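The primary structure of each chain is shown beneath.
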Amino acid sequence: MLSLREVHAHYGKSHVLHGVTIDVGPREVVGLLGRNGVGKSTTLKTIMGLVRASDGSVTFEGRDLIGVATYRLPALGISYVPEDRRVFRLLTVLENLRTGLDRAGMTPERRQALLAKVYDYFPVLRERRHQAGGTLSGGEQQMLAIARAMVLEPKIILLDEPTEGLMPRMVGQIRQIIEILNKEGVAILLVEQNVPLTLAVSDRVYIMEKGAVRHQATAAALRADDAVIHQYLGV
Amino acid sequence: MALDQFLVQTVNGLVSGMILALVASGLTLIFGIMDVVNFAHGDLLMLGAFVGSGVFMSSGNFWAALISAVVVIAALGALLQVTTLRPLLGRDPLTTILATFGISLVLQNYALWQWGPSARKISEPITGQFQLLYLQYPVYRIAIALLSAAIIGGLWLFMKYGTYGIWIRATTQDRVMASAMGIPVPVVHAAVFAIGAGMAAASGVLFAPMVGVTQTIGLDFTLRAFVVVVVGGMGNLGGSILASIFVSLLEAYASLFVSPAQAVIVSFIVLVLTLLFRPTGLFVPTPK
Amino acid sequence: MAPAHPGARGYWIGFAVVLAGLIVAPLVLPEFWRRFVTEILIWGLLAMSSDILIGYTGMVSFGHSAFFGLGMYGAAAALLSVRPPNLWLALLYGLVAAAVVAAFVAYFSTRLRDIYFSITTLVFSQIFYVIIFTWTEVTGGENGLNFRQPPFSIPGVLSAAFTPVTLHWFVLAVVTVSYVLLRRITQSPFGMVLQSIRENEPRTRAIGYPVERYKIVAVMLSGVFAGLAGVLYAVQNRFAAPDFVFFIVSGEVVIFNVMGGMGTLAGPVVGATFFFVLREVFSRYFTQYYLIPVGIIFTLMVIFLPQGMLGFLRRRLNQ
């Protein structure tokens, strides 16, 4: 469904991605592991068009994504939860959700249903729905960011380090959310530093180093033998 | 000096303040969302007044003049944004000042060329005066102050409740994330510029019966609007409204003592003092 | 001595050629064009002074009309108050007046960055404009001041009235010396720091440079040379008018900088020339509305050719 082939990208003058090749099939959960600074977030940003790919191809359901404006991607079925969450701090929780709910083609009934569903998954968001996004705790903001992406009813969600800065207790919640999303048929491309979580939820895993994919395997295989992970991540 | 003079100047200050607030709101909105300091804002006001006067001459209807001016200038604003400002997105803010300065020169001289140097006129739609203590005060002035307040109020409601208001606020806060949520950011930018331009045009027409229509009115407003936007806190809508009233009142009082040409310095002094002591804005709580 | 490189010799040859041309110009050109060239030199000096701030330090100032205007009025004060009118006194008064204003502006403005700085300088221009415009008793208000042109005098040795030709040479001499001086300054360590401030101010500060002090010196330098241009203008035209203090003049100076190429010193002079030539050309078809096409060209250049003509040529030549 989502295909990256030999993608190169630059941040200003530095060459950050050196030929990344990744595939995500429909309803798959694919993990992207690697040390800090290796290019994992940049890969997601390149898919979203926030960083310009200088070479290679990015296709989604056969459609070429390079050069497509970022704001067109949600309509194609791609949504994004960035690394620093980036909730709209001055908008209320409800308004944050509305940035995704109020799109073309949504009837009031569908909106209400979607909102109810999201509140079911994240009751704390219903409680805080009239509070400004910036006043939420780190964990709550993460939930809001994920809820916001869900509300776009995507085919794939790009999740960038969802457990970063969260208390260990919340990691379990994130895991549950990922599993629920997957059950609903949403594919996920998960960038993470948390290896156990990644291995637990993913179908397949890629490992990146220095701007390229160095290894790929099924999560099952890695769970059985994680020598490769120690080799690349040193954990 | 007599109490009645003071009172008249207070009312005058409030009236000018509301109109200035209308101009400054547009400027603040534009700056907040795309970091553009629109040098040409006053010229959009001026063109609005001219278009309005043209429509007024032929139709005799003030309200038709107002509406057509707003529509035409809003369209012009959108056109300008798409052609000249969109390519500059992401470049440093000084480049946009230069670009809007260039646009300002072109618009000013275009107006000179198109309508010539003689002043035009728009007559008040509501004539008559009412009793203000011992004096007669024109009803029209109160009416435009109220109308300006209504327009600004409408803007505020639009921003707070409508879907598009949310889009605009989201884009202002985080353009990249708004994009990732599917909000068509380039369209929002053009729309906001159009709204700002439309509001400036409205001010131009509303103010015209008081000051006449000449090519220089734009410049006065541009400078004052800049002062107000900075004093109110860049990008802060409420602040710029308060600042407009504050500055206009001060100027109105000052013109009791010095000539109106010199009273203008008051706003400049306020700006300088604000920048020295409260650079984030007079009406903005100091950040800790 | 800076190490000689192939570009340097070519540069000085070009410089000599242009200089020779400018020396000969008043002898061969008709009256109108003679004045034209002299005026371009003066505006070129003003543009150069502005380039110190805009091109080298990265501070867009709309306040140059204030420095220019005060240089002009300062000279006027000297020429009106002292009999017989003395050229050197005019220069002194003008430069001091400009320097005082520059110090004033520098103090306030260097605490502000970017847009706030630009708006403040604009506001200062306007403050001075209003003061000059309304203080009719001292400044002549709207009508400005008229005075006689001082002779070129070396005390005790000679005193000769200027002819248009000798005046042109005098202006040329002053502008050339200014250019060489400014060039040395911009290529000195001081100039390098200014450019570093333009590129990345926080980093420059982090390295340990007292950025505010550098900025103040830059504003003073810029202001003094702008004032010098004002004095020359007053001497050449024998009047001072408030129009020159209006911020639009500053805007036009910025146009010279952008069109010619910021941060090149010679660029703004080229930009000024280009602007005036465009004005002449377009005036034929658009009469006094020449700013419509010129404004459009300027805006297009800001968008597509931000390095100006000189920057563009440089790129081309380097390839």
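Parameters at a glance
- Residues numbered from 1 in each chain as written.
- Chains lettered and ligands numbered in written order.
- Predicted model: local features only at pLDDT ≥ 70, side-chain atom pairs only at ≥ 80, totals over all residues.
- Helix = DSSP H or I, 4+ residues; strand = E, 2+ residues; numbered from the N terminus.
- Expected span 1.5 Å × (residues − 1).
- Contact = placed C-beta atoms within 7 Å.
- Nonpolar A, V, L, I, M, F, W, Y, C, P; charged D, E, K, R; others polar.
- Buried ≥ 20, exposed ≤ 12 C-beta atoms within 10 Å, placed from the backbone.
- Pairing = 2+ DSSP bridges.
- Axes fitted to C-alpha atoms, helices over the stretch in contact; angles between N-to-C directions.
- Parallel < 35°, antiparallel > 145°, perpendicular 65-115°, else oblique.
- Core = buried A, V, L, I, M, F, W, Y, C linked by C-beta atoms within 7 Å.

Caption draft 1: Seen up close, helix α1 (residues 3-34) of chain B. The end-to-end C-alpha separation of α1(B) is 45 Å, in line with the 46 Å expected for 32 residues at 1.5 Å each. Once α1(B) ends, the next one or two residues include D35(B), with phi positive near 55 degrees.

Caption draft 2: The arrangement of the interface of chain B and chain C in detail. Between chain B and chain C, the residue contacts involve 33 residues of the former and 28 residues of the latter. Among the elements of the structure, α4 (93-115), α9 (217-232) and α11 (260-277) of chain B are those that each provide at least two residues to the side of chain B that touches chain C. The biggest single contributor to the side of chain B that touches chain C is α4(B), with 15 residues. Residue composition of the side of chain B that touches chain C, grouped by class: 27 nonpolar, 6 polar and no charged.

Caption draft 3: Spatial organisation of the arrangement of the chains. Taking contact number as the criterion, the leading pair out of 2 pairs of chains in contact is chains B and C. A gap remains between chain A and chain C, which never touch, and the nearest two C-alpha atoms on either side lie 15 Å apart.

Caption draft 4: Just unusual backbone geometry, in detail. One non-glycine residue, R86(A), lies in the positive phi region at around 50 degrees. Within the secondary structure layout, R86(A) lies in the loop between β6 (78-81) and α3 (93-101). Residue D35(B) is not a glycine yet carries a positive backbone phi of 55 degrees. Mapped onto the fold, D35(B) is located in the loop between α1 and α2 (41-59). You can call D35(B) partly exposed: it has 18 C-beta atoms within 10 Å.

Caption draft 5: Spatial organisation of the sheet that holds strand β7 (residues 156-160) of chain A. All names here are of chain A. Taken in spatial order, the 6 strands make up an open sheet running β6-β7-β8-β3-β9-β10, and their pairing is mixed. A strand with exactly one partner marks an edge of an open sheet, and here the two such strands are β6 and β10 (212-218). Taken pair by pair, the neighbouring strands of this sheet meet at an average axis angle of 15 degrees, ignoring direction. Sheet analysis places strand β3 (residues 29-33) next to strand β8 (residues 187-191), joined by 4 bridges and oriented parallel. When the bridges of β8 are listed, V30 appears paired with L189. Most of the contacts of helix α6 (residues 138-150) go to β6, to which it runs at about 175 degrees, and overall it touches β6 and β7. Strand contacts of helix α7 (residues 168-183): β3, β7 and β8, with the helix running at about 150 degrees to β8, the strand carrying the most contacts.

Caption draft 6: Layout of the packing of helix α6 (residues 163-173) of chain B against helix α8 (residues 185-211) of chain B. Residue and element names in this part refer to chain B. Where α6 meets α8, the axes come as close as 10 Å, and the angle between the chain directions of the two elements is 105 degrees. In terms of orientation, α6 lies roughly perpendicular with respect to α8. Across the interface between the two elements, W167, I168 and T171 of α6 pack against V185, V188 and V192 of α8. Here the contact of α6 with α8 is built from residues that sort into 5 nonpolar, 1 polar and no charged.

Caption draft 7: View of the sheet that holds strand β4 (residues 53-60) of chain A. Residue and element names in this part refer to chain A. Here we have 4 strands laid out as an open sheet, ordered β2-β1-β4-β5, and antiparallel in their pairing. The open sheet is flanked by β2 (14-24) and β5 (63-64), the only strands paired with a single partner. As defined by bridge partners, strand β1 (residues 2-11) adjoins β4 across 6 bridges and the pair is classed as antiparallel. In the sheet register, H8 faces β4, and the bridge partner there is D55.

Caption draft 8: Expanded view of the nonpolar core. In terms of nonpolar packing, the biggest core is built from 269 residues, with L158(A), I188(A), I73(B) and V227(B) touching the most fellow members. Of the residues forming this core, the biggest block, 17 residues, is contributed by α8(B). When neighbours within four sequence positions are excluded, I73(B) is seen to be in contact with L44(B), L47(B), G48(B), V51(B), A197(B), G198(B), A200(B) and A201(B).

Caption draft 9: A look at α2(B). Residues and elements named next belong to chain B. Across its 19 residues, α2 extends 27 Å between first and last C-alpha, which sits within 8% of the 27 Å expected from 1.5 Å per residue. Among the 19 residues of α2, 15 are classified as buried, and the element is accordingly described as predominantly covered. Positive backbone phi, approximately 75 degrees, marks G60, located one or two places after α2.

Caption draft 10: Looking closely at the interface of chain A and chain B. The partner chain B presents 16 residues to the 21 residues of chain A that form the contact. When residues of the side of chain A that touches chain B are traced back to their parent elements, those giving at least two are α2 (73-76) and α3 of chain A. In terms of residue count, α3(A) provides more of the side of chain A that touches chain B than any other element does, 4 residues in total. Of the residues contributing to the side of chain A that touches chain B, the split by class is 11 nonpolar, 3 polar and 7 charged.

Caption draft 11: Summary view of the environment of R5(A). All names here are of chain A. Relative to the elements of secondary structure, R5 occurs in strand β1. Taking the number of C-beta atoms within 10 Å as the measure of exposure, R5 has 14 and is therefore partly exposed. Expressed as a C-alpha distance, the spacing of R5 and F122, which sit 117 residues apart in the sequence, is 36 Å. Setting aside anything within four residues of it in sequence, one finds R5 in contact with T21, G56 and S57.

Read these as geometric descriptors, not functional statements.
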